[in-house]
Amino acid sequence: MPALVVENLHVHYGAIHAVRGVSFTVESGEIVSIVGSNGAGKSTIMWTLARVVPLTGGTILLEGAPLPDLPHLVVERGVALVPERRRLFSALSVRENLVMGAYNRKDPAGAARDMERCFTLFPILKQRLAQLAGTLSGGEQQMLAISRALMSSPRVLLLDEPSLGLAPMIVETLMETILKIRDEGMTVLLVEQNAAQALDISDRGYIMETGRIVKSGTGRELSDDPDIRRVYLGG
Amino acid sequence: MFLQTLVTGLSIGGIYALMAVGYSLVFSVLGFSNFAHGAVIMLGAYLGLALAVKLHLGIGLVLVGSIVGSGILAVMNERLAYSVLRRRKAPSLYLMISAMGCSVFLENLVYATIGSRFYAFPEFFSRQVVQFAGSSLSLLDLAAFIVAFLAILALHVFVTRTKTGIAIRAGVCDMTMCSLMGVNVDRLIMVVFLLAGAFAGVAGVFLGVKYLVYPTMGWVTNKAYIAAVIGGLGSLPGALVGGLILGVVETFVSTYVSSVMRDVFSFTLLIALLVWMPNGLFGSDTEEKV
Ligand SMILES: Nc1ncnc2c1ncn2[C@@H]1O[C@H](COP(=O)(O)OP(=O)(O)OP(=O)(O)O)[C@@H](O)[C@H]1O
Ligand SMILES: [Mg+2]
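One structure accompanies this document, and this report is about it.

Reading the values: the criteria
Residues numbered from 1 in each chain as written. Chains lettered and ligands numbered in written order. Predicted model: local features only at pLDDT ≥ 70, side-chain atom pairs only at ≥ 80, totals over all residues. Heavy atoms only, no water. Helix = DSSP H or I, 4+ residues; strand = E, 2+ residues; numbered from the N terminus. Buried < 20%, exposed > 50% of the residue type's maximum accessible area, 1.4 Å probe, protein only. Contact = heavy atoms within 4.5 Å. Lys, Arg positive; Asp, Glu negative; His and termini not counted. Charge placed at Lys NZ, Arg CZ, Asp CG, Glu CD. Polar contact = N/O pair within 3.5 Å; in protein donor to acceptor, adjacent residues only side chain to side chain. Donors = N, O, S within 2.8 Å, 3.2 Å for Na, K, Ca; no water. Salt bridge = Lys/Arg side-chain N within 4 Å of Asp/Glu carboxyl O. Nonpolar A, V, L, I, M, F, W, Y, C, P; charged D, E, K, R; others polar. Pairing = 2+ DSSP bridges. Axes fitted to C-alpha atoms, helices over the stretch in contact; angles between N-to-C directions. Patch = residues over 30% accessible without salt bridge, like charges linked within 9 Å, V, L, I, M, F, W, Y side chains within 5 Å. Areas by Shrake-Rupley, 256 points an atom, 1.4 Å probe, with all protein chains shown as cover.

Digging into the overall build of chain B
Consideration 1: Scanning chain B from N- to C-terminus turns up eleven helices and two strands.
Consideration 2: Along chain B, helices and strands appear, N-terminal first, in the series α-α-α-α-β-β-α-α-α-α-α-α-α.
Consideration 3: Principal-axis analysis of the C-alpha atoms places the extent of chain B at approximately 60 × 45 × 35 Å.
Consideration 4: Counting only residues that meet the buried cut, chain B has 51% of its 290 residues in that class.
Consideration 5: Long-range pairs, those at least 24 residues apart, make up 75% of the contacts in chain B with a sequence separation of at least 6.
Consideration 6: Where the 16 positive side-chain charges of chain B centre and where its 11 negative ones centre are 8 Å apart.

Some points on the side chain of Lys223 of chain B
Residues and elements named next belong to chain B.
Consideration 1: Assignment of secondary structure puts Lys223 in helix α9 (residues 221–231).
Consideration 2: A distance of 3.1 Å separates a polar atom in the side chain of Lys223 from a polar atom in the side chain of Glu250.
Consideration 3: Excluding residues that lie within four positions of it along the chain, Lys223 makes contacts with Tyr16, Leu246, Glu250, Arg262, Asp263 and Ser266.

Considering the coordination of the magnesium ion (ligand 2)
Consideration 1: Within the protein, the atoms that donate to the magnesium ion (ligand 2) are Ser43 of chain A (OG), Glu84 of chain A (OE) and Glu84 of chain A (OE), at distances of 1.9 to 2.7 Å. Remark: Glu84 of chain A occurs in the loop between β6 (79–82) and α3 (94–101) and Ser43 of chain A occurs in helix α1 (residues 42–49); sequence separation between them is 41 residues.

Regarding the interface of chain B and chain A
Consideration 1: On the side of chain A, 30 residues touch chain B, which itself brings 22 residues to the contact.
Consideration 2: Summed over the shared surface of chain B and chain A, the result is two salt bridges.
Consideration 3: Asp174 of chain B is the salt-bridge partner of Arg87 of chain A, the closest N and O atoms lying 2.6 Å from each other.
Consideration 4: Summed over the shared surface of chain B and chain A, the number is three residue pairs in polar contact (both at pLDDT 80 or more).
Consideration 5: Elements supplying a minimum of two residues to the side of chain B that touches chain A: α6 (163–173) and α7 (175–179) of chain B.
Consideration 6: Of the residues forming the side of chain B that touches chain A, the biggest block, six residues, is contributed by α6 of chain B.
Consideration 7: Here the residues of the side of chain B that touches chain A sort into ten nonpolar, six polar and six charged.

Some thoughts on α9 of chain B
All names here are of chain B.
Consideration 1: Counting buried positions along α9 gives nine out of eleven residues, so the element sits mostly inside the fold.
Consideration 2: Here α9 has its buried residues at Thr221, Lys223, Ala224, Ile226, Ala227, Ala228, Val229, Ile230 and Gly231.
Consideration 3: In this fold, the buried residues of α9 make contact with α1 (2–30), α2 (37–54), α10 (236–257) and α11 (262–276).
Consideration 4: Looking one or two places after α9, you find Gly232, whose phi comes out positive at around 110°.

A short note on unusual backbone geometry
Residues and elements named next belong to chain A.
Consideration 1: Despite not being glycine, Arg51 has its phi angle at roughly 65°, a positive value.
Consideration 2: Structurally, Arg51 is set in the loop between α1 and β4 (57–62).
Consideration 3: When its relative accessible area of 19% is taken as the criterion, Arg51 is described as buried.
Consideration 4: The phi dihedral of Arg87 is positive, around 50°, even though this residue is not glycine.
Consideration 5: Here Arg87 shows up in the loop between β6 and α3.

Thoughts on the pattern of salt bridges
Consideration 1: Under the criterion given, the structure shown has 24 salt bridges over all chains.
Consideration 2: Across the salt bridge formed by Lys223 of chain B and Asp263 of chain B, the nearest N and O atoms sit 3.1 Å from each other. Of the two residues, Lys223 of chain B sits in helix α9 while Asp263 of chain B sits in helix α11, which places them 40 residues apart along the sequence.
Consideration 3: The partly exposed category is assigned to Asp263 of chain B, whose relative accessible area is 31%.
Consideration 4: The network of salt bridges with common partners includes Arg105, Asp107, Asp114, Arg117 and Glu184 of chain A.

Things to note about the sheet that holds strand β1 (residues 2–13) of chain A
Residue and element names in this part refer to chain A.
Consideration 1: The four strands lie next to each other as β2-β1-β4-β5, forming an open sheet whose pairing is antiparallel. The sheet is open, and its two borders are formed by β2 (16–27) and β5 (65–66), each paired with just one other strand.
Consideration 2: For β4 and β5, the ladder comprises two bridges, and the chain directions are antiparallel. If you follow Leu61 over to β5, its bridge partner there is Pro66.
Consideration 3: Against the sheet, α1 touches β1, β2 and β4, its axis set at about 115° to β1.

A closer look at a nonpolar patch on the surface
Residue and element names in this part refer to chain B.
Consideration 1: On the surface, Met1, Phe2, Tyr256, Val257, Met261, Val264 and Phe265 cluster together into a nonpolar patch covering about 710 Å² of accessible area.
Consideration 2: Following the sequence through the fold, Tyr256 ends up in helix α10.
Consideration 3: The class of Tyr256 is partly exposed, set by a relative accessible area of 46%.

Regarding the pairing of strand β9 (residues 204–209) of chain A
Residues and elements named next belong to chain A.
Consideration 1: Sheet topology places strand β3 (residues 31–36) next to β9; five bridges connect them, and they run parallel. Its bridge partner lying in β9, Gly36 is registered against Met208.
Consideration 2: As consecutive antiparallel partners, β9 and strand β10 (residues 212–218) are separated by two residues, and within that stretch Thr210 has a phi angle of approximately 30°, a positive value.

Such coordinate-based values are descriptive only and should not be taken to indicate function.
Okay, here's the thing in structure tokens:
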């Protein structure tokens, strides 16, 4: 059963028609990326999936059932969002951010295990547990943002520009980490400006332009497509 | 004389701090000045008075009754007057206006039903004194200070050690992300008002016992507002320290200078401090890194 089925999605911000009839599917265990230029509507789709931004048309199915319509209920159903620009609780410590990630969990043992797993993925966080999140470096903040989302033990992970502001080498590690997370059984929907690397690790991808999906295919097909190479991959 | 004045100042400061905490909590979570907080304090005092006079309860049970009653009242206040605006994402100015409306409504409700008379609490221990280092210190003043201190300490432990408390602080940072952690925002805000109301109840009883109970007694929350700003809006240690500083300074000014100068001093202190430290003593401004 597909993890996510989005059908004919429309989102408006007042008079601005940001998402104009978008449909896509994410199968369980897939990494799917959405690539597109600035203002295409990618983040809007992510916020809509988290039920923070209301949709004005269309349907969203999560594992075959309608997506609940409040953010905290979406989390309960196993969806976690790492938003653009991270949005950490900057006045809280690293540990408290992770505790918040596990807020709705009823299994303390599982949460403790997941915290250890985050330290395996990002060892630096373990040394920074007492530090305020707002004082971490950009890269450390990104690691914390991903870890915070993983702490809810989601089945579907929504990543909005996780590579933003990271050094190229760290981006590479990040992509490997995303593959690792998927191999542990998670479904990943990835939005990236870094199209080459995103498509590289993706099973499938969608290209967005001004609120519409203009192309779709496997990660390989898209990164080999001459039009896409010219516009998004720099030649 | 000095020690006596100091203890009186600390007790008044403790009451300011109790009021400042409730005020500060709502401000930091919802971003508006809850002017109805003073009215909740006033009703808490009336409730405590009723329990003391009609049911002849002791100070302990009076406090418990007022805490519960004011807590529920504050939650109802939020449900009836703020939640609709909040869900429509109305600008905070609208919430503030709604709060002023609530304040006027509740005060006039008391005028219309109970009347404008001033009431005094039965004397629990207002005349009792303890001798210490040659000064006679009022037991009431000591109790007010100690209860205020312990209540704020308890709240501090709550917001730093419990999951709900951490969620409140997370909500202060970013309420949207807080909901994306699985927090039911409506329920969290209910807890915040319950806490603010509970603190209003304690403040109302001590204010009533120390002075009198009357419909506009909640106006002293102006002072609590100053205390909260001095300490740094949204900071708990700030509310405590700001309240204590204000209470002590005021008492010393009225004792050693003149009571007419008291409020001039408070406001001068506020303005001077804000010029030097725009965020107050404990206010923070951690910025998001991009
Ligand atoms: N809160 C908002 N109010 C009004 N318009 C908005 C809002 N958020 C986004 N928009 C508009 O909606 C459109 C899509 O924005 P969105 O953030 O989804 O783009 P994006 O594809 O994520 O871009 P980027 O790659 O730059 O992050 C843009 O034209 C943007 O100006
Ligand atoms: Mg975006």
